[in-house]
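Chain and residue survey
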Protein chains: 2
Amino acid sequence: MTETNFSRKHSEGYQVNHMARLFIRAIQDRIKPLGLSTGTFPVMLALWEKEGQTQRELVQELGVEQATMANTLSRMERDGLVVRRAHEADARVQTVWLTERARGLREPAIRAASEVNDLATRGMSDQQRAEFTTLTTQVIANLSEA
Amino acid sequence: MTETNFSRKHSEGYQVNHMARLFIRAIQDRIKPLGLSTGTFPVMLALWEKEGQTQRELVQELGVEQATMANTLSRMERDGLVVRRAHEADARVQTVWLTERARGLREPAIRAASEVNDLATRGMSDQQRAEFTTLTTQVIANLSEA
DNA sequence: CAATTATATATAGCAAGCTATTAAAATGGA
DNA sequence: TCCATTTTAATAGCTTGCTATATATAATTG
């Protein structure tokens, strides 16, 4: 009887949700002084990797909905992190570029994120940490295909 | 150099956030027909366990902020899932009770959540599934004390 | 017992996620 | 070529999370 035994504490969905909220709080604390947030950080990572991507490319890469990305980019533009430039060949498309200031945030932001990752996995062996990533990757794959 | 090697795909924080969004989508799909949502579900679980809890007790049990709980309870009251009754001894306190309809949702809601948990852990051995819970619990503990 | 402090809840306002809809531009077929 | 379809992005409106602040009631203390 999975149903009658069900408990919050042993439900993967509940645990993951709780864990994600704790991650968000910890990262937020550390990147807020840089003018970044948990919504903008993944976009920054994608753009530090490759600037000039289109909104559609960012959506596919980060796995959020198109409307979420549009809103996030608007806030980022408002806050001076990115600029949107018209695509030269397709008037529907906007390409996204970092501002000079945003380019400079890479090192401290990544340092902050690494710090949180280390804190989160404190007390784990390298093997356990690798196992956590492996299992997480599998859950993502399982839920993505459904 | 953790910093220069940093990649989204191998950052625990990023992975966990992504995984949590996928869980939310999967559970939402299945409990929406019941009139439930991912914000209300944990509250329902707590109340199915024990009715008449105060807002403060629910806050402590579920680990969300007080303001978040207040808003969630307001929506639940609006949607006919709970009623708030004055505490008999302390006029500051409201106790929270399920409606008849809400009591009847327990079985189908838990079935839906179990289904998502099974889907998420598909392809894992019992041992791996237990390991996932263990590691997740440790991350929650690590981030909670900080 | 009055005044301060502590506790419980509510409200304001923002971020970041979602679905659904709209608008504009590009593409493709008759 | 022109009309219908597809693609890209923006907007509206909702939930769920947060911080900061306000308000009301209890509790404590001088």
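Look up: the structure comes first, before these words.
Attention here is on the structure that accompanies the text. Keep in mind the model is a prediction, meaning the values are calculated, not measured.

For the pair helix α8 (residues 126-145) of chain A and helix α7 (residues 106-120) of chain B, interaxial distance at closest approach is 8 Å and the crossing angle is 120 degrees. By the angle class used here, α8(A) and α7(B) are oblique. Across the interface between the two elements, V139(A), N142(A) and L143(A) from α8(A) touch V116(B), L119(B) and A120(B) from α7(B). Taken together, the residues of the contact of α8(A) with α7(B) break down into 5 nonpolar, 1 polar and no charged.

Once that is clear, we can look at the protein's contact with DNA strand C. Around DNA strand C lies a shell of 27 residues, among which S37(A), R25(B), Q55(B), R56(B) and Q66(B) are the nearest. Counting only atoms of DNA strand C within 4 Å of the protein, the sugar-phosphate share comes to 68%. At a separation of 2.8 Å, a phosphate oxygen of DNA strand C approaches a polar side-chain atom of T68(A). Contact between DNA strand C and Q66(B): a base nitrogen at 2.7 Å from a side-chain N or O atom of the residue. Contributions of two or more residues to the surface near DNA strand C are made by α5 (66-78) of chain A together with α2 (12-31), α4 (55-62) and α5 (66-78) of chain B.

What follows deals with the interface of chain A and chain B. With 59 residues of chain A at the contact, the number on the chain B side is 59 residues. Both faces considered, chain A and chain B share a buried interface measuring about 5700 Å² in area, 62% of it formed by carbon and sulfur atoms. Of all residues in chain A, F6(A), E12(A) and L143(A) give up the largest surface area on contact with chain B, accounting jointly for 12% of the area buried on that side. Residue R129(A) is joined to E12(B) by a salt bridge in which the shortest nitrogen-to-oxygen separation is 2.8 Å. Of all elements in the fold, only α1 (2-5), α2 (12-31), α3 (41-49), α4 (55-62), α7 (106-120) and α8 of chain A reach the threshold of two or more residues within the side of chain A that touches chain B. In terms of residue class, the side of chain A that touches chain B is made up of 26 nonpolar, 19 polar and 14 charged.

Thresholds applied
- Starting afresh in each chain, residues are numbered from 1 along the sequence in its written order.
- A letter from A marks each chain and a number from 1 marks each ligand, given out in the order of writing.
- Totals for whole chains, interfaces and linings use all residues, but because this is a predicted model, local features are given only for residues with pLDDT of at least 70 and pairs of side-chain atoms are given and counted only at 80 or more.
- Note: side-chain values were computed over all heavy atoms of the structure, leaving out hydrogens and water.
- Axis lines are fitted to C-alpha atoms, over the contacting stretch for helices. Their N-to-C directions set the angle, which ranges from 0 to 180 degrees.
- For the purposes of this entry, the term helix denotes a DSSP run of H or I that reaches at least four residues, the term strand denotes a run of E that reaches at least two, and both are numbered from the N terminus.
- The scheme is simple: roughly parallel for angles under 35 degrees, roughly antiparallel for over 145, roughly perpendicular for 65 to 115, oblique for anything else.
- For this analysis, residues touch if any pair of their heavy atoms sits within 4.5 Å.
- Ten residues, namely Ala, Val, Leu, Ile, Met, Phe, Trp, Tyr, Cys and Pro, are considered nonpolar, four, namely Asp, Glu, Lys and Arg, are considered charged, and the remaining ones, Gly among them, are considered polar.
- Working definition: residue near molecule or strand if any one of its non-hydrogen atoms lies within 4 Å of it.
- Any pair of N or O atoms that falls within 3.5 Å is considered a polar contact. Within protein, one atom must be able to donate a hydrogen and the other to accept it, and sequence-neighbouring residues count only if both atoms are side-chain atoms.
- Accessible area that two parts lose when put together, with a 1.4 Å probe and added across both, is what the buried area reports.
- Salt bridge, as applied in this entry: a Lys or Arg side-chain nitrogen positioned within 4 Å of an Asp or Glu carboxyl oxygen.

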